[in-house]
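Residues per chain, in single letters:
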Amino acid sequence: MIKILICDDQQIVREGLEKILSTDPELKVVGLASDGLKALALIPDVGPDLVLMDLKMPKMNGTIATRKIKEKYPEIEVLILSTYDDDEWVFDAVRSGAAGYLLKDLSPDKLIESIKGTIRGEGFVDPKITKKLLADIASRKAKPKDQIQSQLSEREHDILELLTKGLSNADIAENLILTEGTVRNYTSEIFKKLSVTDRTQAVVAAIKHGLVELD
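Below is a summary of the structure that appears in this document. On a predicted model such as this, the values are computed, not experimentally measured, just so you know. (Residues numbered from 1 in each chain as written. Predicted model: local features only at pLDDT ≥ 70, side-chain atom pairs only at ≥ 80, totals over all residues. Heavy atoms only, no water.)

What about the overall build of the protein?
Point 1. Scanning the protein from terminus to terminus reveals 11 helices and 5 strands.
Point 2. Counting over 215 residues, the protein shows a buried share of 51%.
Point 3. Restricting the contact set of the protein to residue pairs at least 6 apart, pairs at least 24 apart contribute 66%.
Point 4. Split by element, the accessible area of the protein, about 10200 Å² in all, is 49% carbon and sulfur. (Helix = DSSP H or I, 4+ residues; strand = E, 2+ residues; numbered from the N terminus. Buried < 20%, exposed > 50% of the residue type's maximum accessible area, 1.4 Å probe, protein only. Contact = heavy atoms within 4.5 Å. Areas by Shrake-Rupley, 256 points an atom, 1.4 Å probe, with all protein chains shown as cover.)

Below you can see the structure in the form of structure tokens.
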């Protein structure tokens, strides 16, 4: 059972998300918060595995709340769910420790899949906004492209490219005709070579170092 805390300043959104998530027996909404401060106050009592976090909220916005949650409760995953696709909001959220960034127009099935994937260690960045939100990172190259590129095998590069498109391990396995276990092993090796700890950071690193083409 995955325990979820929903943090959004709109009551109708909070209650709507709760109804959507309650349709899956593997998910349990353990708390509802209208801002970051209330989310932080609820965490010790409800013990969520994941916080589904909005960004623009009164008292404490989602970026600040994410940073404070990850500082105090590093084991809790934070998944951003927002209507905002501004570059700075996304970059700040990822930098604050968010495991992924989704837009609210995604389907209920995709939301549930993303929550389960995040708990498995598969961070998600909405593929529709990857180019717009992370393109500015491409110019901030800490290492030459060739130096990083040479560390990745051809198969690892293929998997990294699919990661940047928001595909799950199951989707990647189907695309490349591999088992999910093999994909997980390749993904772990990619993380080591890029010096990152999750999929979201891998996407940022891939774009930052120019390892993938942005459509």
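Comments concerning the sheet that holds strand E3 (residues 50–53)
Point 1. Spatially, the 5 strands line up as an open sheet ordered E2-E1-E3-E4-E5, and their pairing is parallel. Edge positions in the sheet fall to strand E2 (27–33) and strand E5 (100–103), since each of these pairs with one other strand and no more. Between one strand axis and the next, the sheet turns through 25° on average, direction left out of account.
Point 2. When strand E4 (residues 77–82) meets E5, the two strands line up parallel, connected through 4 bridges. What sits directly across from Ser-82, in E5, is Leu-103. (Pairing = 2+ DSSP bridges. Axes fitted to C-alpha atoms, helices over the stretch in contact; angles between N-to-C directions.)

Remarks on the nonpolar core
Side chains of a nonpolar character, in soluble globular proteins, are inclined to be buried together.
Point 1. Core analysis: the biggest nonpolar cluster contains 24 residues, and Cys-7, Ile-43, Val-51, Met-53, Ile-69, Ile-80 and Tyr-101 have the highest contact counts within it.
Point 2. Listed by contribution, the elements that provide at least two residues to this core are strand E1 (2–7), helix H2 (36–46), E3, helix H3 (62–72), E4, helix H4 (87–95) and E5. (Core = buried A, V, L, I, M, F, W, Y, C linked by side-chain atoms within 4.5 Å.)

Focus: the environment of Leu-194
Point 1. One can find Leu-194 in helix H10 (residues 180–194).
Point 2. Separated by 12 residues in the primary sequence, Leu-194 and Ala-206 place their C-alpha atoms 8.3 Å from one another.

Considerations on H10
Point 1. In this model, H10 (15 residues) spans 21 Å end to end at C-alpha, consistent with the 21 Å of a helix rising 1.5 Å per residue.
Point 2. Of the positions making up H10, those classed as buried are Val-183, Thr-187, Ile-190, Phe-191 and Leu-194. Angular distribution of buried residues about the axis of H10 spans 100°; they occupy a single face of the element. Pointing more than 90 degrees away from the buried face of H10 are the exposed residues Asn-185 and Lys-192.
Point 3. One or two steps after H10, the chain reaches Ser-195, where phi turns positive at roughly 60°. (Expected span 1.5 Å × (residues − 1). Arc of directions from axis to C-beta.)

Thoughts on the pattern of salt bridges
Point 1. Evaluation of the coordinates by the stated rule reveals 6 salt bridges.
Point 2. Salt-bridge contacts for Asp-54 lead to Lys-104; the nearest nitrogen and oxygen are separated by 3.7 Å. With Asp-54 in the loop between E3 and H3 and Lys-104 in the loop between E5 and helix H5 (108–119), this residue pair connects regions lying 50 residues apart in the sequence.
Point 3. According to the relative accessible area criterion, Asp-54 is buried, its value standing at 4%.
Point 4. Note on Lys-104: relative accessible area 25%, which makes it partly exposed.
Point 5. Salt-bridge contacts for Glu-156 lead to Lys-193; the nearest nitrogen and oxygen are separated by 2.8 Å. Pair noted here: Glu-156 is in helix H8 (residues 154–164) and Lys-193 is in helix H10, with a separation of 37 residues, a long-range link.
Point 6. Here Lys-193 falls in the partly exposed class, since its relative accessible area comes to 23%. (Salt bridge = Lys/Arg side-chain N within 4 Å of Asp/Glu carboxyl O.)

Things to note about unusual backbone geometry
Negative phi is the rule for most residues except glycine; trans is the rule for most peptide bonds.
Point 1. The phi angle at Lys-59 is positive, at roughly 70°, despite the residue not being glycine.
Point 2. Mapped onto the fold, Lys-59 is located in the loop between E3 and H3.
Point 3. For Lys-59, a relative accessible area of 67% gives the class exposed.
Point 4. Not every positive phi belongs to a glycine, and Ile-177 is a case in point at roughly 55°.

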